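# Working through the structure, step by step
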Amino acid sequence: MQAPRPPARAPRAARPARPLAPGVQVRVDAAQVLDAVVHRGRSLKSELAPVLPRLPDPRDRALLEAIVFAALRGRYRYEPALRGWLQKPPGASDGPLLALLLAGSAQLDALRLPAHAALDATVEAARALGRPHQAGLVNALLRRAQRDGFPPTDPAGAWPQWLRSRVEAAWPAQAAAMFAASAQPAPMWLRVNRRRIA
């Protein structure tokens, strides 16, 4: 005769999701937008359109745009370095991880955000994206990027081969300067509407 089983424990109630630390949601959104654009060929404009209104603070919206634009502009520099630092090649399902690493790289390199803030928020974003097992990897790679920097590369590498060939054929003397200029952020222009000044 078998001994009676003890009564089953009631399942634990799910913990309420804790709110994200400041800045983490911006990094999560940046990684998701970059993943869609870089790995799925989506339009940047169509990906940003629904995300920006969800961020209530205009500073967060500006930071999201700055991270995404800088990551896409510097992708030709960041990806080879990050892939070289990885011990094994990323898998097919690692698109969000690579996008998060691009976002973190842009914060450290192009945007020159304080390293402690960029690293902490980006590592927390890995957890928020459901990749807590890769948070240590994100931390290690971004710390290496902070320490070693990204190697210089030819800015022409950011251009598609077919377009690069056409630019070089049409403007052979100016092509190198055009490629170098394209790697820099565009100048910011402000216009004052004098009719709206009180």
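Scroll up to find the structure this text is about.
Residues numbered from 1 in each chain as written. Predicted model: local features only at pLDDT ≥ 70, side-chain atom pairs only at ≥ 80, totals over all residues. Heavy atoms only, no water.

We now examine the overall build of the chain. Within the chain one finds 8 helices and 0 strands. Going from the N terminus to the C terminus, the chain shows its helices and strands as α-α-α-α-α-α-α-α. Its C-alpha atoms give the chain a radius of gyration of 22 Å, more than 25% over the compact-globule value 16 Å for 198 residues. Seen along its three principal axes, the alpha-carbon backbone of the chain occupies a region of about 95 × 55 × 30 Å. Per-residue burial over the chain gives 36% buried out of 198 residues. By sequence separation, contacts in the chain at least 24 residues apart represent 68% of the contacts at least 6 residues apart. Accessible area of the chain: about 13,400 Å², with a carbon and sulfur share of 56%. (Helix = DSSP H or I, 4+ residues; strand = E, 2+ residues; numbered from the N terminus. Rg over C-alpha atoms; globule rule 2.2 N^0.38 Å. Buried < 20%, exposed > 50% of the residue type's maximum accessible area, 1.4 Å probe, protein only. Contact = heavy atoms within 4.5 Å. Areas by Shrake-Rupley, 256 points an atom, 1.4 Å probe, with all protein chains shown as cover.)

Moving on: helix H6 (residues 135-148). Taking 1.5 Å of rise per residue, the 14 residues of H6 would be expected to cover 20 Å, and the 20 Å separating its terminal C-alpha atoms lies within 8% of that figure. Here H6 has its buried residues at Ala 135, Val 138, Leu 141, Leu 142 and Ala 145. For H6, the angular spread of the buried residues around the axis is 135°, confining them to a single face. For H6, the secondary structure elements touched by its buried residues are helix H3 (58-85), helix H4 (95-108) and helix H5 (115-128). Just downstream of H6, Gly 149 is the residue with a positive phi angle, here 75°. (Expected span 1.5 Å × (residues − 1). Arc of directions from axis to C-beta.)

Take the packing of aromatic side chains next. Here the structure, examined in full by the defined rule, presents 3 aromatic pairs. Centre to centre, the rings of Trp 159 and Phe 179 are 4.9 Å apart; their planes meet at 75°, and the pair counts as edge-to-face. Of the two residues, Trp 159 is situated in the loop between H6 and helix H7 (161-170) and Phe 179 in helix H8 (residues 175-182); the sequence distance between them amounts to 20 residues. Side by side, Trp 159 and Phe 179 carry an identical accessibility label, which is buried. (Phe/Tyr/Trp six-rings, centres within 6.5 Å; stacked < 30°, edge-to-face > 60°.)

Before going further, it helps to spend a moment on the packing of helix H1 (residues 24-40) against H5. Contact geometry for H1 and H5: axes closest at 8 Å, N-to-C directions at 65°. Viewed along their axes, H1 and H5 form a crossing whose handedness is right-handed. For the pair H1 and H5, the contacting residues are Val 24, Arg 27 and Val 28 in the first and Ala 117, Ala 118, Ala 121, Thr 122, Glu 124, Ala 125 and Ala 128 in the second. For the contact of H1 with H5, the residue count by class is 7 nonpolar, 1 polar and 2 charged. (Axes fitted to C-alpha atoms, helices over the stretch in contact; angles between N-to-C directions. Left-handed = near helix turned anticlockwise from the far one by under 90°. Nonpolar A, V, L, I, M, F, W, Y, C, P; charged D, E, K, R; others polar.)

Moving on: empty space enclosed by the protein. By the definition in use, this model includes 1 cavity of 30 Å³ or more. Taken as a whole, the largest cavity spans an internal volume of roughly 40 Å³. Considering the residues around the largest cavity, the lining is formed by Glu 79, Leu 82, Arg 83, Leu 98 and Leu 102. If you list the elements that add at least two residues to the lining of the largest cavity, you get H3 and H4. Class assignment for the residues of the lining of the largest cavity results in 3 nonpolar, no polar and 2 charged. (1 Å grid on protein atoms, 1.4 Å probe; cavity = no way out; pocket = protein on both sides within 12 Å on 5 of 7 lines; lining within 4 Å. Points joined across faces, edges and corners; volume = space filled by probe spheres on them.)

Inspection of the entire model under this criterion finds 9 salt bridges. Its salt-bridge partner being Arg 59, residue Asp 57 comes within 2.8 Å of it at the nearest N-O pair. According to the relative accessible area criterion, Asp 57 is partly exposed, its value standing at 22%. On the basis of relative accessibility, which here comes to 64%, the residue Arg 59 falls in the exposed class. Between Arg 147 and Asp 148 there is a salt bridge, and its shortest N-O distance comes to 3.2 Å. (Salt bridge = Lys/Arg side-chain N within 4 Å of Asp/Glu carboxyl O.)

The analysis is restricted to geometry; functional conclusions fall outside its scope.
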